[in-house]
Amino acid sequence: MSPEHSAASPFAALRPLPTGGRFTPLGPHLAIAPTVSVVVPAMNEAENLPHVFATLPSWIHEVVLVDGHSTDDTIAVARRLRPGLRVIRQRGRGKGNALAEGFAACTGEIIVMIDADGSTDGREIIQFVSALVSGADFAKGSRYIPGGGSDDLTFTRRLGNTLLRRLVNRIYRTRYTDLCYGYNAFWARHLPTLDLDCEGFEVETLMNIRAARAGLRVHEVPSHERCRLHGESNLNAVRDGLRVLRTILRERRRPAVRPHAPAHAKAAGQTANQAANQGAA
């Protein structure tokens, strides 16, 4: 048996990581070119941030913390834990508004959204990024596909999510396995397509619907939701479920927005048009 196929060196035949340029190493034999921003909306999450930040990969480009009028030392703890952290003091109210303000401040080419309560694991970010660099426009976390799960779903939340998901799949001809989950990632160039204009927890549903209606390539990524570590959730299953329902019905009347083409695609299209024009001449 040759050395490159031996059990002792399974990666011996792989090419080394590229050197120079602007490649970001994700592991010993994997690198990406796009920069990654992680947005963390937080309100009174000082106790949870040490755990949340500890799970974030070292290779991400930036972390944007959106502070939703915290009355504890959330900002001070976050800055102490992560030098170079970008802090946005939320002007509006609600999770949807916090994410919109955080997304607008990002400088990375890929944007990842996670929760600050410890329920989402930053070590899963690599799976979302991998889906995007493999061709997806929008990577949405799912607790209901193999590899995913939840330690925190109550019977009421699970039932509500199931009914609302089925309604979305029926109205918008999607095949989503999960709907109301706050772990998602997408290319920053699609921000105008998503055009977030909601305030509350309905934001995840809004993003999923608009991504589908715009014809974005959506890929579901298995994710395991854990229980909140400290503090109490601001989510109210009935109140926020009704907000989600209103969002689902309202979006039917909204014109779909065409996705924003990347610069290289525009350049290729212009080159093709020029060639066609020259040929016609």
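About the criteria used
Residues numbered from 1 in each chain as written. Predicted model: local features only at pLDDT ≥ 70, side-chain atom pairs only at ≥ 80, totals over all residues. Heavy atoms only, no water. pLDDT = per-residue confidence, 0-100. Contact = heavy atoms within 4.5 Å. Core = buried A, V, L, I, M, F, W, Y, C linked by side-chain atoms within 4.5 Å. Buried < 20%, exposed > 50% of the residue type's maximum accessible area, 1.4 Å probe, protein only. Helix = DSSP H or I, 4+ residues; strand = E, 2+ residues; numbered from the N terminus. Salt bridge = Lys/Arg side-chain N within 4 Å of Asp/Glu carboxyl O. 1 Å grid on protein atoms, 1.4 Å probe; cavity = no way out; pocket = protein on both sides within 12 Å on 5 of 7 lines; lining within 4 Å. Points joined across faces, edges and corners; volume = space filled by probe spheres on them. Polar contact = N/O pair within 3.5 Å; in protein donor to acceptor, adjacent residues only side chain to side chain.

### Here's the deal with the confidence of the model for the protein chain
Here is step 1: A residue-level look at the protein chain finds 81% of positions with pLDDT of 70 or above and a mean pLDDT of 84.
Here is step 2: The low-confidence segment residues 1–20, where pLDDT is below 50, has 17 contacts with residues more than four positions distant or belonging to other chains.

### Some words on the nonpolar core
Here is step 1: Counting 36 residues, the largest nonpolar core has Phe53 and Val112 as the members making the most contacts within it.
Here is step 2: Of all the secondary structure elements, the ones that give two or more residues to this core are β3 (36–42), α1 (49–54), β4 (62–67), α2 (74–81), β6 (110–113), α4 (125–133) and β9 (184–187).
Here is step 3: At 5 residues, the largest contribution of residues to this core is made by α4.
Here is step 4: When neighbours within four sequence positions are excluded, valine 112 is seen to be in contact with Val36, Ser37, Val38, Val39, Ile125, Tyr183, Asn184 and Ala185.
Here is step 5: Ile88, Leu99, Phe103 and Cys106 belong to the second largest nonpolar core, which has 22 residues in total.

### Observations regarding the pattern of salt bridges
Here is step 1: Scanning the entire structure with this criterion turns up 13 salt bridges.
Here is step 2: For arginine 86, the salt bridge is made with glutamate 62, and the minimal N-O distance between the two is 3.4 Å. Of the two residues, arginine 86 sits in strand β5 (residues 86–89) while glutamate 62 sits in strand β4, which places them 24 residues apart along the sequence.
Here is step 3: For lysine 95, the salt bridge is made with aspartate 115, and the minimal N-O distance between the two is 3.0 Å.

### Side note on empty space enclosed by the protein
Here is step 1: As enumerated under the stated definition, the model contains 1 cavity of 30 Å³ or more in all.
Here is step 2: Reported here for the largest cavity is a volume of approximately 40 Å³.
Here is step 3: Along its surface, the largest cavity is lined by Thr193, Arg210, Arg213, Ala214, Glu251, Arg254, Pro255, Ala256 and Val257.

### Side note on the side chain of asparagine 161
Here is step 1: Here asparagine 161 lies in helix α5 (residues 155–172).
Here is step 2: A polar side-chain atom of asparagine 161 sits 3.1 Å from the main-chain amide nitrogen of cysteine 180.
Here is step 3: Each residue touching asparagine 161, except ones within four places of it in the same chain, is listed here: Arg143, Tyr144, Asp178, Leu179 and Cys180.

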